[in-house]
Each structure stands twice: as structure tokens, then as C-alpha cells.
Amino acid sequence: MADSFRAVKVTDHVYWVGAIDWGIRDFHGYATHRGSTYNAYLVVGEKTALIDTVKAPFVEELLARIGTVVPPERIDYVVSNHAEMDHSGGLPAVIAAIRPEQVFASTMGVKALREHFRLGREVTAMKDGESLRLGNLTLSFVEARMLHWPDSMMTYLAEDKTLLSNDAFGMHLASSERFADEIEDGVLAEEAAKYYANILLPLSPLVGRLLEKVGKLGIEIEMIAPSHGPIWRREVEKPVGWYAKWAAGETSNKAVVMYDTMWQSTATMARAIAEGIAAGGASAKMMPLRAAHRSDVATELLDAGALVIGSPTLNNGVFPTVADALSYLKGLKPRGLIGAAFGSYGWSGEAVGQIEEAMEAMKVELVGEGIKVKYVPDEESLSRCLSAGRGIAERLSAKAQGRGDSGLRGAG
Ligand code: FEO
């Protein structure tokens, strides 16, 4: 393996020694259509430190890449920025293989590593702001508590002005290229948005505070090296700007219409609602759940102003795909949405009411009454769907122009 997997030089003192997971398509419920990477970094000064490891099955690849820079057993320190197993799964095997002088993690990281791997006494806690000397280099630690786990931490190498940001500023994207400037802009924007929407959205207030905290540290950052996807060696202001925008919850006049259907009645209603949204001057993003993954719906919601959900009633309840997506989206706590529910039914018709209850629990402001249609929509019911779509577009337009109902969450 040693000749096949090589390290990639990132700065004068930093090497990428991670692994590329080309085949992963489901990352704990998030559809990783383009695979992912687990980025680990070797910092080589008078002493040598490994920052993070990789998912357990990729340890041999990690050790092989390290071996193209230094013999792995020459590593003095290992820093675990985050205990989630895509970064720490390989840690016990790496410790056994290289026997480092010390292993470091945040205070919460020490606890999390103990609870995951029964590692504890051999891991030293680093407090927020503490530093580790590598002789001629200094690693400083910045806690990023709850971004997105209690233990999350970033490591800053002052001499190379490089922030090893762990999950923050990352994306699930397997590629042969290691640097963002080698990858198409549209792909970067799409995957970064998807990552933020599915991992960080519920923590947006903390993201804003972390950006402020890093700003106040006054450190110069010329490179951001995250733990997934490409490294930002230029234009670091681009991902930082995206995060500032997403954390602020800026929305557009887009309405996400998420639905499923049994015999095309609810789908027909969805199409009529989309026609109304478009006729009202807003944009409808149709997400039929047999074709759209829940995590792609979450991505579309990142900048949407409205969420419209349709489901037939099945066995007195919400259709399973819709219930699944609703449960997922509720956990992501999207903010500032208006919304509505619709669906067809045969004889009981509970689904629309159940969706409305779920949307209210998500603090989505319902616009008008839910639309229920028995069996198959007729002209009159399709006309109601069209009007509902227009109504949503008008509310979005009013919101965009700053003259919306002051009761709208996030308005103004
Ligand atoms: Fe990439 Fe939270 O682990």
C-alpha cells in the first residue's frame, strides 16, 4: 500500500494524509451523492503532530500516506479535533501503531473518546486557547463546542496561517483534487450548502458566534483545511461568507413543495400549487419524495422562504416517505418559513391535519387552511390549489419587499 497512497503537500509544514471514500452514498441518513473524504493532516516541525485520523476501514491508507513523509512511528503527538467516528474511528489503531508521546483533545473530547473507545487517561485535555509547541511551530486550539458535537475543536498553525477547521467549512465530496480552486465553483457551492443545511443548520446561532469569536482572535487565516472535501488555499473569504449568510438565515422567494402520492392525486395538487406559486412570481422547487432524498430537501430549504407539504392519507396517517422527511427536517430547525399542507384521501383524511401539527411544532407559519381533496381533484379543487400557490407567492413577495406581515417569523 505504501507506494500507492501518497501524502499531498499543503503548506511548508502541513501534509494531507487522509482518505478518499469514493463509494459512500449514505452518511448517517445524508445522501452523499459525490462520496466524501476524511481529511487528516500531518504537521511537521521539529516535532511532528497528526491532526485527526480517518474512519476505521481507512487506517492503512492513512498510515501509508504518512509513511511517504515520515515513518509513522516518528509522530510525536496526535490531536483529535472531534470524536465522531469518521475522524476518530481509526484513532485506537493509530495509537497502537505509532505509540505517540501524547494524544490531545478538547475537554469534552477526552470524555467522548473515553465513551467511544475507552480511551481516557492517555488523552490530555487542551483548553480553549491553549497551545502546543512543536519546537519551531505552534498549534493553538479553538473550541467549537456544539459545532457540531460538544467536543468539536479547531487547530490553528500560526506559522503557516492555516486553520484546520475539522467539520466546519467542509463538504462531502470525493475528488482527485485536494484544493477548492481546482474544483468547479458550482459543485463547491452546492456541496457546501448541502453540508451546512444537513449538519449545521440547527446550530446556526452558534455558527454566527464562532465566526465572531475567530474574528476577535485577530488571527490571520490564509488557508482553511477542513476534515471533509477540498482545502481552501485561496479565497478563504468565500466559505466564510457563505457561513455568515447561512447563519443569518437569509431567504429567497423560493417555495419548496415536498410531497408523495399514491395514485397521482396529491401529485396533481402539487403541480397546481407550483403553477400558482410561479404565476404569483415566486419560484417553486418541486421535491417528489420518490425522486428527492430528504437531505436534498433540506438543502433546498436552506434559502427557501416557504415549505409546502403534500401527503395522501394512508392507514389514517401521513404517507411514510413524508413522515420520514418531516421528522428529519424538524430536527434541522429551519427558521423563518411560511407554509401549507395539502393531500388527497379516501375516507378519513387525517394526513393534512397531522402535517399541519408537525409544521406548527417546527414554527412554520401556516398560510391559510390545508387543502384536502377526496379521491381525485376536480377543477374546483385544482383552482383552490392554484390560489393557495398564488397566496404563498404573494406572501413571499411581501416578505422580500420588507412589507410582510410582522407576525412572520424572521420577517424584517
Ligand atoms: Fe465529520 Fe462530525 O464528523
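Rules and cut-offs
- Residues numbered from 1 in each chain as written.
- Predicted model: local features only at pLDDT ≥ 70, side-chain atom pairs only at ≥ 80, totals over all residues.
- Heavy atoms only, no water.
- Helix = DSSP H or I, 4+ residues; strand = E, 2+ residues; numbered from the N terminus.
- Rg over C-alpha atoms; globule rule 2.2 N^0.38 Å.
- Buried < 20%, exposed > 50% of the residue type's maximum accessible area, 1.4 Å probe, protein only.
- Contact = heavy atoms within 4.5 Å.
- Areas by Shrake-Rupley, 256 points an atom, 1.4 Å probe, with all protein chains shown as cover.
- Core = buried A, V, L, I, M, F, W, Y, C linked by side-chain atoms within 4.5 Å.
- Domains from an automatic or database assignment.
- Pairing = 2+ DSSP bridges.
- Axes fitted to C-alpha atoms, helices over the stretch in contact; angles between N-to-C directions.
- Salt bridge = Lys/Arg side-chain N within 4 Å of Asp/Glu carboxyl O.
- Buried area = accessible area lost by both parts, 1.4 Å probe.
- Polar contact = N/O pair within 3.5 Å; in protein donor to acceptor, adjacent residues only side chain to side chain.
- Nonpolar A, V, L, I, M, F, W, Y, C, P; charged D, E, K, R; others polar.

Trainee: Looking at this model, I keep getting lost on the overall build of the chain. Mind explaining?
Mentor: Summing up its helical and strand segments, the chain has 12 helices and 24 strands in all. The C-alpha radius of gyration computed for the chain amounts to 24 Å, which stays within 12% of the reference 22 Å derived for 412 residues, consistent with globular compactness. Along the first, second and third principal axes, the C-alpha atoms of the chain reach 75 × 40 × 40 Å. Across the 412 residues in the chain, those meeting the buried criterion constitute 57%. Look at the contacts in the chain between residues 6 or more apart in sequence, and 73% of them connect residues 24 or more apart. Accessible surface computed for the chain: about 17200 Å², of which carbon and sulfur atoms make up 50%.

Trainee: What should I look at first to understand the nonpolar core in this one?
Mentor: The nonpolar side chains of a soluble globular protein tend to be buried, and buried together. In this structure, Val-17, Leu-50, Ile-66, Tyr-196, Met-258, Leu-307 and Leu-329 are the most contacted members of the largest nonpolar core, which totals 94 residues. Considering each element in turn, this core owes the most residues, nine residues, to helix H5 (residues 185-200). When residues of this core are sorted by domain, at least three fall in each of domain 1 (8-248) and domain 2 (256-397). Core analysis: the second largest hydrophobic core is formed by 25 residues, Ile-20, Tyr-41, Ile-51 and Met-223 among them.

Trainee: Any chance you could explain the sheet that holds strand S1 (residues 8-9) here in plain terms?
Mentor: Strand pairing in a sheet takes place through backbone hydrogen bonds and is either antiparallel or parallel in direction. Here we have seven strands laid out as an open sheet, ordered S1-S2-S7-S8-S9-S10-S11, and mixed in their pairing. Edge positions in the sheet fall to S1 and strand S11 (123-126), since each has one partner strand and no second. On the sheet, helix H4 (residues 107-117) packs against strand S9 (77-80), strand S10 (102-106) and S11 and is oriented at approximately 110° with respect to S10.

Trainee: Looking at this structure, I do not really get the pattern of salt bridges. What am I missing?
Mentor: Any two side chains of opposite charge can pair, given that their charged atoms come close. Applying the stated rule across the entire model yields 21 salt bridges. Between Glu-101 and Lys-47 there is a salt bridge whose closest N-O contact spans 3.0 Å. Here Lys-47 lies in the loop between strand S7 (41-44) and strand S8 (48-51) and Glu-101 lies in the loop between helix H3 (91-98) and S10, a separation of 54 residues in the sequence. A salt bridge links Glu-61 to Arg-65; its shortest N-O distance comes to 2.7 Å. One end of the pair, Glu-61, and the other, Arg-65, are both in helix H1 (residues 59-67), four residues apart, so they sit about a helical turn from each other. When sorted by exposure, Glu-61 lands in the same class as Arg-65, which is buried.

Trainee: I would appreciate a short explanation of the domain arrangement of the chain in the present structure.
Mentor: Interface size is often expressed as the accessible area that is lost when the parts come together. Entries for the chain in the domain assignment read domain 1 (8-248) and domain 2 (256-397). Relative to domain 2, the C-alpha centre of domain 1 lies at a distance of 38 Å. Taken together, the 15 residues of domain 1 in the interface contact 13 residues of domain 2. Regarding the contact of domain 1 and domain 2, the summed buried area is about 1200 Å², with carbon and sulfur atoms giving 57% of it. The largest contributions to the domain 1 side of the interface with domain 2 come from Asn-198, Leu-201 and Pro-202, which together make up 39% of the buried area. On the surface where domain 1 and domain 2 come into contact, there are one salt bridge. Note that Asp-296 and Lys-194 form a salt bridge whose closest N and O atoms lie 2.8 Å from each other. Where domain 1 meets domain 2, there are eight residue pairs in polar contact (both at pLDDT 80 or more). Listing elements by their share of the side of domain 1 that touches domain 2, those giving two or more residues are strand S5 (30-31), H5 and helix H7 (237-248). When residues of the side of domain 1 that touches domain 2 are assigned to their parent elements, the largest contribution, five residues, is made by H5. Counted by class, the side of domain 1 that touches domain 2 contains 10 nonpolar, four polar and one charged residues.

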